[in-house]
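# Per-entry structural report
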Amino acid sequence: MPRPIQASIHTEALAHNLARARAAAPEARVWAIVKANAYGHGIERAYEGLRGADGFALLDLNEAQRVRDLGWRGPILLLEGVFELRDLELCSRLDLWHAVHCDEQIDMLASHKTNVPHRVFLKMNSGMNRLGFTPERYRSAWTRLNALPQVDEISLMTHFSDADGARGVTEQVAVFTAVTQDLPGERSLSNSAATLRQSETLSDWVRPGIAIYGSAPDYPEHSAADWGLQPTMTLSAKIIGIQQLAPGDSVGYGSSFVAKQPMRIGVVACGYADGYPRICPTDTPVLVGGVRSRTVGRVSMDMITVDLSAVPEASFGTEVTLWGRAANGAVLGIDEVARCAGTVGYELMCALAQRVPVVVSA
Ligand SMILES: *Cc1c(COP(=O)(O)O)cnc(C)c1O
């Protein structure tokens, strides 16, 4: 029997969260962002739950090919555009829309041979200073693109740095609007945080990622439950050993946890080699048989240890939920665990290790 650890991808929760994003921007079309292998869920596994989207957005040509292989005939957008001239051939062949964020990409388009002009999303750097043309250079880039026979419709896009926080999107929206006011074309601005928090932001296409994977973009200000989002990935493993500790006994490497009173602990078949962050300290929440408890001691490669004081009925084989939904319906938000690790839900989902078997469930 394989090690008793498993991740489950929840199709209905993906569809539910997508519907939540849609409800938050009822006028807009929705790109389901499936970069990074659908945030670690697996594009093929997430597809069924997300096929109600208006399009799929991602970064990697291989991933675009996989979405086409699934039978998707609708829009696919390359969020970073192409990296070399050859990529444009695949864009033509797979009918991909692509971002254009720099002069080099316009040069490539200008020398690309195609009978079918491409739909492009011209990206503005409205303040984040990652990808995109500065506001000063944006219109000349638009004019240059517009003159190319290789280019069909030009849509306008930008990306927010602070949609999840106090700074918000006001300044970036103002910059974007001032420059694009009289340009034709569809607009795409909002990521998950902007879609949920700044729903007045004008977007013909919203770009939710993390929200459709059931994690709150602005945790802990809001939880996933506050936004009506459901977990789409559950990581669970079984208890494979039990120890009875006396006061003064320690647990695991470095003896970082020492029992103050007699206690029973469970050893769980999940460690950092499965994607559970090693940095999670004692007291990181877990669900043991659906009952809330905590980790004790250091996370090791293949195991963690959990406190069974609150769950006397727990025994060899009891299921422990590291994040997501337990069999009894109890939920442990991935954001809570991520916070204990000093990171965000995104990183935990993306870091689910290859060795963990994944099943798709309702
Ligand atoms: C990843 C990404 C998104 C989605 O962001 P979330 O915070 O996951 O909603 C949207 N737009 C672009 C350009 C991205 O790269």
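Now for a quick tour of the structure. This structure is a prediction, so every number in the text was calculated from the model and none was measured.

## Details of the site of the ligand
Contacts to the ligand come from I33, K35, Y39, L79, H159, N191, S192, R207, P208, G209, I210 and Y346. K35 places a side-chain nitrogen or oxygen 2.6 Å from an oxygen atom of the ligand. A distance of 3.5 Å is found between a nitrogen atom of the ligand and a side-chain nitrogen or oxygen belonging to H159. Out of a free accessible area of 380 Å², the ligand has 92% covered by protein chains. Spatially, the ligand is embedded in the largest pocket. In the shell around the ligand, the residues fall into six nonpolar, four polar and two charged.

## Observations regarding empty space enclosed by the protein
On inspection of all chains with the given rule, the structure shows two cavities of 30 Å³ or more. Approximately 50 Å³ is the volume attributed to the largest cavity. Lining the largest cavity we find K123, M124, N125, S126, M128, R130, L131, T158 and H159. Considering only residue class, the lining of the largest cavity consists of three nonpolar, four polar and two charged. Within this model, the second largest cavity holds a volume of roughly 30 Å³. If you go around the second largest cavity, the residues you meet are V34, A38, I43, A46, Y47, L50, F56 and V67. The element contributing the most residues to the lining of the second largest cavity is helix 3 (residues 43-50), with four residues. A per-class count over the lining of the second largest cavity returns eight nonpolar, no polar and no charged.

What counts as what
- Residues numbered from 1 in each chain as written.
- Predicted model: local features only at pLDDT ≥ 70, side-chain atom pairs only at ≥ 80, totals over all residues.
- Heavy atoms only, no water.
- Near = heavy atom within 4 Å.
- Polar contact = N/O pair within 3.5 Å; in protein donor to acceptor, adjacent residues only side chain to side chain.
- Areas by Shrake-Rupley, 256 points an atom, 1.4 Å probe, with all protein chains shown as cover.
- 1 Å grid on protein atoms, 1.4 Å probe; cavity = no way out; pocket = protein on both sides within 12 Å on 5 of 7 lines; lining within 4 Å.
- Sits in = over half its atoms within 2 Å of the grid points.
- Nonpolar A, V, L, I, M, F, W, Y, C, P; charged D, E, K, R; others polar.
- Points joined across faces, edges and corners; volume = space filled by probe spheres on them.
- Helix = DSSP H or I, 4+ residues; strand = E, 2+ residues; numbered from the N terminus.

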